[in-house]
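This is what each chain is made of:
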There are 2 protein chains.
Amino acid sequence: MRVIGIDPGNAATGFAVVENVAGGFRHIVAGTIRAHRNASPSERLRNIYEHLLETVDAYAPAVMSLERNFSAINVQSAFRLGEARAIAKLAAAQRGLELFEYTPTEVKLTVAGFGTADKAQVKSMVRRTLGIDAAIELSDDAADALAIAACHLFKARFAAPSIACGGRQGVR
Amino acid sequence: MRVIGIDPGNAATGFAVVENVAGGFRHIVAGTIRAHRNASPSERLRNIYEHLLETVDAYAPAVMSLERNFSAINVQSAFRLGEARAIAKLAAAQRGLELFEYTPTEVKLTVAGFGTADKAQVKSMVRRTLGIDAAIELSDDAADALAIAACHLFKARFAAPSIACGGRQGVR
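Definitions and cut-offs
- Residues numbered from 1 in each chain as written.
- Chains lettered and ligands numbered in written order.
- Predicted model: local features only at pLDDT ≥ 70, side-chain atom pairs only at ≥ 80, totals over all residues.
- Heavy atoms only, no water.
- Salt bridge = Lys/Arg side-chain N within 4 Å of Asp/Glu carboxyl O.
- Helix = DSSP H or I, 4+ residues; strand = E, 2+ residues; numbered from the N terminus.
- Buried < 20%, exposed > 50% of the residue type's maximum accessible area, 1.4 Å probe, protein only.
- Contact = heavy atoms within 4.5 Å.
- Axes fitted to C-alpha atoms, helices over the stretch in contact; angles between N-to-C directions.
- Parallel < 35°, antiparallel > 145°, perpendicular 65-115°, else oblique.
- Left-handed = near helix turned anticlockwise from the far one by under 90°.
- Pairing = 2+ DSSP bridges.
- Core = buried A, V, L, I, M, F, W, Y, C linked by side-chain atoms within 4.5 Å.

Caption draft 1: The arrangement of the pattern of salt bridges in detail. Residues and elements named next belong to chain A. Summed over the entire model, instances satisfying the criterion amount to 18 salt bridges over all chains. Across the salt bridge formed by Glu50 and Arg46, the nearest N and O atoms sit 3.1 Å from each other. Of the two residues, Glu50 and Arg46 both sit in helix α1 (residues 41-59), four residues apart, roughly one turn of that helix. A relative accessible area of 25% places Arg46 in the partly exposed class. Beyond isolated ion pairs, a larger network of salt bridges with shared partners links Arg2, Glu19 and Arg26.

Caption draft 2: Focus on helix α3 (residues 104-112) of chain B. Residues and elements named next belong to chain B. Those residues of α3 that sit buried are Glu106, Val107, Val111 and Ala112. Where α3 is buried, its residues touch β5 (98-102), α4 (119-130) and α5 (140-157). Residue Gly113 follows α3 closely and has a positive phi angle near 95 degrees.

Caption draft 3: Looking closely at the environment of His27 of chain A. Residues and elements named next belong to chain A. Tracing the chain through its elements places His27 in strand β3 (residues 24-34). For the pair His27 and Asp133, spaced 106 residues apart in the sequence, the C-alpha separation amounts to 12 Å. Beyond its immediate stretch of four places on either side in the chain, His27 contacts Val17, Val18, Leu130, Ile132 and Leu146.

Caption draft 4: Representation of the packing of α4 of chain B against α5 of chain B in the model. Residues and elements named next belong to chain B. Remark: α4 packs on α5, axes separated minimally by 9 Å, with the N-to-C direction vectors making an angle of 60 degrees. If you check the angle between α4 and α5, you find them oblique. For the pair α4 and α5, the crossing hand works out as left-handed. Mapping the contact onto sequence places Lys119, Val122, Lys123, Val126, Thr129 and Leu130 in α4 and Asp140, Ala143, Asp144, Leu146, Ala147 and Phe154 in α5.

Caption draft 5: Main features of the sheet that holds strand β1 (residues 2-7) of chain A. All names here are of chain A. The strand order β3-β2-β1-β4-β5 describes an open sheet built from five strands, whose pairing is mixed. Of all the strands in the sheet, just β3 and β5 (98-102) have a single pairing partner and so form its edges. Taken pair by pair, the neighbouring strands of this sheet meet at an average axis angle of 20 degrees, ignoring direction. Summarising the sheet, β1 and strand β4 (residues 63-67) pair through four bridges and their orientation is parallel.

Caption draft 6: Quick look at the sheet that holds β5 of chain B. All names here are of chain B. Strands sit in the order β3-β2-β1-β4-β5 across an open sheet of five strands; the sheet is mixed. Edge strands, defined here as strands with exactly one partner in the open sheet, are β3 (24-34) and β5. Taking each pair of neighbouring strands and ignoring which way they run, the sheet shows an average axis angle of 20 degrees. The pairing of strand β2 (residues 12-21) with β3 spans ten bridges and is classified as antiparallel. Its bridge partner lying in β3, Ala12 is registered against Arg34. Against the sheet, helix α2 (residues 75-95) contacts β1 (2-7), β4 (63-67) and β5, and its axis sits at roughly 170 degrees relative to β4. Against the sheet, α5 engages β1, β2, β3, β4 and β5, with an angle of about 35 degrees to β2.

Caption draft 7: Looking closely at the nonpolar core. One finds Leu52, Met64 and Ile87 of chain A together with Leu52, Met64 and Ile87 of chain B to be the most contacted residues of the largest nonpolar core, which totals 46 residues. If we skip the residues at most four places from it in the chain, Leu52 of chain B touches Ile6, Phe15, Ile33, Ala88 and Ala91 of chain B.

Caption draft 8: Representation of unusual backbone geometry. Residues and elements named next belong to chain A. If you check the backbone angles, Ala60 has positive phi at about 45 degrees while not being a glycine. Looking at where Ala60 falls in the secondary structure, it is placed in the loop between α1 and β4. By relative accessible area, Ala60 is classed as exposed at 55%.

Structural data, given as C-alpha cells:
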C-alpha cells in the first residue's frame, strides 16, 4: 500500500509518499511546498493544489493520510489551517484517494511511541523507521509528513484485516 | 463588469453572477450548491469546486466577491468555513479572477444601507436593486450571494477610477 502523508500549512505544506515493503516501510519521496513570498492567499492555495495533484499523479498513492488539528490557537489561525487542509481533501476526492485523518498526538504516539514527542524525537524515529540516513537532509515539514504517512501504515498493519481503526474517514 | 458573488458554506454555498448595465445592475444567475446528505467532507468540497468552476466557465465573470467572515462561533466552525472559502479562492486563482473580500457588515451596509440589516431586509433590497420580481423564488444563500456580488459593484461604481476601496485583495 502506498500512502501520501500531508502536513497542511499555509506557508509550508509538507508531503511524503511512503509504502510498505517486506519487513518495513520505505519512503518514495518527501518535500515541502512553500508559498512564494509575494503570492496572494489564493495563489498560495493554487500552488499547494497543483503540487499535490502533480505528486499524486506521479507516485499514485491509494490513500491520503492528513494531519487533523483540533487545536488552532484562535479562530483566525483555524481559518488558515482549514484552507490548506481543504485543498488537500479536494485533491484526494478528485483522484479517488481514500482519506484518513490523524491528530498530531495520534501520529506521535504511533510513530515515536509517546504522544508528547517533540519534533526532534519524531524526526529521529522517522529516520529510523524509514531508514533515512542522517546524510539526507529532512525539513521539519517533510519529516512531519513522513510521520503522518507512516502513522497510517502502522495503523493499517496492526489492524488487519480492516484498516479503519484509528483514522476516521470523513469525520469532522 | 461581471461579478460572481459567493457565500461559502459547507452544507450550502450560495453563488450569484451579477453585472452592471446602464443605470443599474442585473443578475444573470443565482443559486445554491447543496451537499448531498451522505457525501463525505472531501466529496462536499469537490462538489463545491466543480460547480463553481462550471459557473465561472459558463458566465465568465472577471471578479469574485467573497464573504469574509471573521466571526466564527468557535475554532471548529472556523475550520469548516475556511474549507469552503478555500475552494472558492482556488477556483478564482485557477480562472484568473480578481478576488475581493467583504465582511457581512460591509455587505449589509452597502446593499441595505445599514450594517445590522437582517436577512429579510437584505433580501428585499437585493430584489429591488436587481429588479428581481417577488414571483421569483430566492433562497437565503442565493440572496446572500447576490448581495455580496452587488456589494462589489456598488463599491466599484462609487470608487472610480480605482476599485480597490472596500475589498482588499489577498488580505487575511
